[in-house]
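# Overview (structure and organization)
These are the residues of each chain, in order.
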Amino acid sequence: MNKTKLGISANAYAALVFASGLFGIIPAIILTGAVLILEDNEWLKRMAVKAVAFIVVINIFHVVLMLLPNFLDMLKNLLLAAGADSIVIDVFSKVELVFSVFQKGLTIFADVMLILYAYMAYCGKYAKVLFVEGFVNKNM
């Protein structure tokens, strides 16, 4: 079993980095920084960077999905001030609801994928992480 300098297996550490993404990006960055500085295991380094890159991409999607309803709310308020028809206002409200559902769905998707990647890393499998696989492989 491949051990890290912290005394735990490389598989468990990689799983820990993915699982820390459930608590936010800061714990994942701290754990990844420790791997990049202290460890020599290339697989572990690659998995840690993939975990942080996946979390960053998901956070970017979250920001975009949060900005769009705010923009639509601003347009709805402008239309209200201009005296627009209530049917148009109802359409904007329904679109905001759809974005809210997408945002909740993205959160569930990200959590499930982080758990799946953590399990794959713990089993020692090479996780092909969505959205970031090619970017990480090209730059590492």
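Structure's up top.
Residues numbered from 1 in each chain as written. Predicted model: local features only at pLDDT ≥ 70, side-chain atom pairs only at ≥ 80, totals over all residues. Heavy atoms only, no water.

## Remarks on the overall build of the protein
Operational definition: Secondary structure counts use DSSP, requiring at least four H or I residues in a row for a helix and at least two E residues in a row for a strand, with both numbered from the N terminus. Restricting the calculation to C-alpha atoms gives the radius of gyration, and the globule rule supplies 2.2 Å times the number of residues raised to the power 0.38. We call a residue buried when its accessible area falls under 20% of the maximum for its residue type, exposed when it is over 50%, and partly exposed in between, using a 1.4 Å probe and counting protein chains only. Contact definition: two residues touch when any of their heavy atoms are within 4.5 Å. Counting rule for charge: Lys and Arg are taken as positive, Asp and Glu as negative, and neither His nor the chain ends is counted. Taken as the charge centre is NZ of Lys, CZ of Arg, CG of Asp or CD of Glu, depending on the residue.
Scanning the protein from N- to C-terminus turns up 5 helices and 0 strands. Written out in order from the N terminus, the α and β elements of the protein read α-α-α-α-α. Rg of the C-alpha trace for the protein: 20 Å, well past the compact-globule value of 14 Å for 140 residues, more than 25% over. In terms of overall dimensions, the protein has C-alpha extents of about 70 × 25 × 25 Å along its principal axes. Burial analysis of the protein (140 residues in total) assigns 36% to the buried set. Of all intrachain contacts in the protein linking residues separated by at least 6 positions in sequence, the fraction that spans at least 24 positions is 64%. The protein carries 11 positive and 9 negative side-chain charges, and their two centres are separated by 11 Å.

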